[in-house]
Structures are given as C-alpha cells and as structure tokens.
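Spelled out from the first residue to the last, the chains are:
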Amino acid sequence: MLLTTIEDVGRYQGQQVTIRGWLYNLRESGKLLFPIFRDGTGLIQGVVSQKEHPAVFETVRELTQESSVVVTGIVRADARAPGGYELALTGIEVIQRVPENDPFPIQRKEHGVDFLLSHRHLWLRTPRQTAILRIRAEAIRAARNFMDSQGYILTDSPIFTPAACEGTTTLFEVDYFEDEKAYLTQSGQLYVEATAAALGKVYCFGPTFRAEKSKTRRHLTEFWMLEPEAAFARLDDMMELGEQLVSHIVQSVLAHRRRELDTLKRDTARLEAVRPPFPRITYDEAIAILQKHGNPTRWGEDFGGDEETILSSQFDRPVIIHRYPAAIKAFYMQPDPQRPELALGFDMLAPEGYGEIIGGGERISDYDLLLRRLRENNLPEEAFRWYLDLRRYGSVPHAGFGLGLERTVAWICGTEHIREVIPFPRMLYRIYP
Ligand code: 4AD
Ligand code: MG
C-alpha cells in the first residue's frame, strides 16, 4: 500500500495510492460516480464505474458528506480536475459513515455567520477556512524565522500578570489563590524589557487578552502578538525592523501559499507591492491629511477605524505614523526630546482598511520620569517595582513593538472580519465552542 496525501499525488502518476480523509462532495452521472475527497492537504476528485468496481460503486453511492474513509485508486493526470489529478478508485474502506438522519450541519450553501461561528469546530473543515489556517501558519513560521535570523532570542512572557500594561480598563481579572488577584496579560512587553536587558535582542510571541467591549471586525478578546524588544534600539530602528518583518511575512505567504490565496480569491498584486521602505508620516502630517479629507479629528485626539481607513488608503503599502501626542499613548513611552508633548512611538496601518497592525516605540529609561508617569496614571507602584528596577540597574535606551497576528493575517487573506483567521475566535459575547 502506497500511502500519500492529496497534495503529493502528483508524484505517483499511473500508480495505485491510498489516501485517508473525508467525503467532501458526491456527484452521480449515469453509471459513474464522482466523489470529491479532502484530507486537509487539498481536494481530489475520484471516479468509479459501476461496471468495473460494483462493490466500491455501491459503497461510494451510500456515502454521506464528511463520512471518513480510506480510499485506494490509480492516479491519473486530468487537466479538468481540481488540483490537476483524478483518482480512479479501486477500493474503499469506510471508517465512519455520517447517518443521513443526522447530516453534517454545514452544507455547501450560504449559512448565516452566527450559525457558522456556533459550528466553528466543523466550519474549520471547509476549503476557505483551511486555506486561511494554512496562511496563518505560514505567517507565524515566516515571522519566527525572520526574528531568529535577525539574532532575536525568543523569551516568552507570562500570561498571568500582577498588573496592567496597556491601561486598566481592558483587564481580565482572575482569582489567583487565596485573596490574590491576577490579570491575563494585555501584552508581553514589560517582561521582554527585562529579558532584553539580559540578552540584548529578544521577542515574545503568544496570546494576549483585552476585555474590550468592542464589537468591530478588528477586535478579538484573545489574540496573538509578536513583540520584539532591543536594548540600545531607538524609534527608527524599530520602524525599520517592523517594515522588514511585515514585508518578509507577506512575501513568504506569496511564495509558499499561492494556492490558498487563490482559494480566497485574494488580489495578490496588492500584496506584491509590500516591500520596504514603507511611507512614514508624523502624527501632525496625519492630522493634516484627515482634515484635507473633511474628517473632524483635531490635534490631540486618537484615531479610530474611520481615520485609519482614510490614512491607509493614501498609500499602496502599509504606512507608519510616528510621534503621537504623549497624552493618548501608554504610560511607558519615551517623550520626544525636541517636543516633549510627543511620544517617540509609532503605529503601522495596513492597507485596504485593515487598521493598525503594529504599535510600539521607545520606552522611558529614566527612573524618575517613569515613576512620575506611573503615579500620573494611578498605576499600583508595588506591582511595578520590578519594572522600575530595570531603570535602577544599568538602564539603557530601548525600544520594541507589538505586531497583531490576526490583524496582519486578516489583511493578507483579505477576510472581511478578523474572527476567521484564528482557529477558535474569542469575542465579546462569544466563547463557544
Ligand atoms: O498597540 P498595542 O496595544 O501595543 C501594545 O500592546 C504594546 N505593548 C506592544 C509593544 O510595544 N510590545 O497592540 C499591538 C497590536 C496592535 O497594533 C494590533 O495589531 C493588535 O496588537 N491588537 C489587537 N488585535 C486584535 N484584537 C484586539 N482587540 C487588539 N488590540 C490590539
Ligand atoms: Mg496601539
């Protein structure tokens, strides 16, 4: 028995192979049956005639959608077949037949999104969803490879934390033994600042949590973030690293996941353009662009989805906006020495209205200033004592950023909503399955 996968059948033209998978579809045409099988690596059409293989024919005829099978057949090149090959069946073993009185809930027709989300565990099997998950995996592989190749050491940050990083309003609180409270991390940043002082260049990559009551196509309550941090690095270094990282991810997906992008009908010409350098504008320039487009945002205000869409639509690749007013950014941002009312931070906005994919910048390295900011923000000094220590023992200028994985993958895939690009999305009012 020559066991293979659908993705690899091309290597076995004219030979008899065995594939393990599920029935995706079944078409009957006279005395011929055309079952389509899927195995996670692709789809292949089988063909079986009643005359040549009556027993196989009868078994296939009784198959229901998503029944699990082991099929054997001869591989034939066929330009009309999806994938370019057809399997002339010679044998079939049914592992589990889905009964017709309890059919697979997701049919090949349009379903409402609530229904699909409630059946996410099954929805994942459809070609569009498997294409997205393969692209997500490639994006992760590319991102890690890139960071490793640049000499960044992976140091993962904890998920249980004693305090807030990105503001106290979006914390998930959990009971942590006896009377103690812990919070699910909003960002691994504070901890990579510590490991950067130990190792120089580091990153973490893991799940982060935001109790945001936002019901938009860009928000999850649990999402993955890749966060580089480097000792002695400055704002400019991080803007450059960010554009290289994003370009590398996009170009790797184009190189290795073409077929999946085709499945999604993604306009790849727009992705081809994603190469450094990316346009860079200041917050002041961004405000001027918004005002020119009749947007009412005034200096000092933060950007929302509408503003981000106007700004990103001016460019053919991601745009970097730097030097925001310090008042609208996190407590840890280093002020611009030229204009202390500005923070040495940046955001990167994806094209096509996908919003902010990166946020980051330079961190405050001065002990007294950081302590003042903690107090101004009413943050608990006790919980941040270790973080202040980093400014007591060999403090150096340092910088980093966080790349939101799902926002990035949603943009690359061109999905309408971010919820499709994570296996099991966690959102406001949705935690099942
Ligand atoms: O801009 P944010 O809040 O930055 C930080 O957390 C920094 N501490 C990161 C750092 O400097 N190490 O979040 C970073 C990115 C955003 O640009 C966005 O892509 C993503 O995380 N993000 C979300 N993605 C999905 N759902 C949400 N609710 C998100 N909130 C932020
Ligand atoms: Mg941000």
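Each value, and the rule that gives it
- Residues numbered from 1 in each chain as written.
- Chains lettered and ligands numbered in written order.
- Predicted model: local features only at pLDDT ≥ 70, side-chain atom pairs only at ≥ 80, totals over all residues.
- Heavy atoms only, no water.
- Axes fitted to C-alpha atoms, helices over the stretch in contact; angles between N-to-C directions.
- Helix = DSSP H or I, 4+ residues; strand = E, 2+ residues; numbered from the N terminus.
- Parallel < 35°, antiparallel > 145°, perpendicular 65-115°, else oblique.
- Left-handed = near helix turned anticlockwise from the far one by under 90°.
- Contact = heavy atoms within 4.5 Å.
- Nonpolar A, V, L, I, M, F, W, Y, C, P; charged D, E, K, R; others polar.
- Buried < 20%, exposed > 50% of the residue type's maximum accessible area, 1.4 Å probe, protein only.
- Arc of directions from axis to C-beta.
- Pairing = 2+ DSSP bridges.
- Patch = residues over 30% accessible without salt bridge, like charges linked within 9 Å, V, L, I, M, F, W, Y side chains within 5 Å.
- Areas by Shrake-Rupley, 256 points an atom, 1.4 Å probe, with all protein chains shown as cover.
- Salt bridge = Lys/Arg side-chain N within 4 Å of Asp/Glu carboxyl O.

1. Examining the packing of helix α4 (residues 127–149) against helix α13 (residues 405–413)
(1) Moving on: Two elements in contact, α4 and α13, have axes separated by 10 Å at closest approach and are oriented at 125°. When the interaxial angle is binned, α4 and α13 end up oblique. Considering only the axes of α4 and α13, their crossing is right-handed. Residue-level inspection shows Ile132, Ile135, Arg136, Ala139 and Ile140 of α4 in contact with α13, the latter providing Leu405, Glu406, Val409, Ile412 and Cys413.
(2) Moving on: Here the contact of α4 with α13 is composed, by residue class, of eight nonpolar, no polar and two charged.

2. Looking at helix α9 (residues 283–292)
(1) Moving on: Listing the buried residues of α9 in full gives Tyr283, Ala286, Ile287, Ile289 and Leu290. An end-on view of α9 places all buried positions within 160° of arc, on one side of the element.
(2) Moving on: Glycine 294 lies just past α9 and shows a positive phi near 75°.

3. Things to note about the sheet that holds strand β5 (residues 85–96)
(1) Moving on: Judged by pairing direction, the barrel is mixed, and its five strands sit side by side in the order β1-β2-β3-β5-β4 before closing back on the first. Across this sheet, the average inter-strand angle for adjacent strands is 55°, counted without regard to direction.
(2) Moving on: Bridge count between strand β1 (residues 16–29) and strand β2 (residues 32–38): seven bridges; the pairing is antiparallel. Pairing of glutamate 28 across the sheet is with leucine 33, part of β2.

4. Brief notes about a nonpolar patch on the surface
(1) Moving on: Residues Phe160, Tyr176 and Phe177 make up a contiguous nonpolar surface patch of about 350 Å² in total accessible area.
(2) Moving on: Tracing the chain through its elements places tyrosine 176 in the loop between β8 (173–175) and β9 (181–184).

5. Quick notes on helix α1 (residues 54–61)
(1) Moving on: Every buried residue belonging to α1 is among Val56, Phe57 and Val60, and all of these are buried. With its buried residues spanning 100° around the axis, α1 presents them on a single face.
(2) Moving on: Those residues of α1 that are buried lie in contact with β1, β2, β3 (43–49) and β5.

6. Description of unusual backbone geometry
(1) Moving on: Between proline 276 and proline 277 the backbone carries a cis peptide bond, its omega angle lying at 0°.
(2) Moving on: Structurally, the position occupied by proline 277 is in the loop between α8 (268–272) and β12 (280–282).
(3) Moving on: Geometrically, the link from tyrosine 432 to proline 433 is a cis peptide bond, its omega value of 0° lying close to zero.
(4) Moving on: In this structure, proline 433 sits in the segment after α13.
(5) Moving on: One non-glycine residue with positive phi stands out, namely phenylalanine 232, at about 70°.
(6) Moving on: By the element assignment, phenylalanine 232 lies in the loop between β11 (222–231) and α6 (235–256).
(7) Moving on: At asparagine 378, a position not held by glycine, the phi torsion is positive, near 50°.

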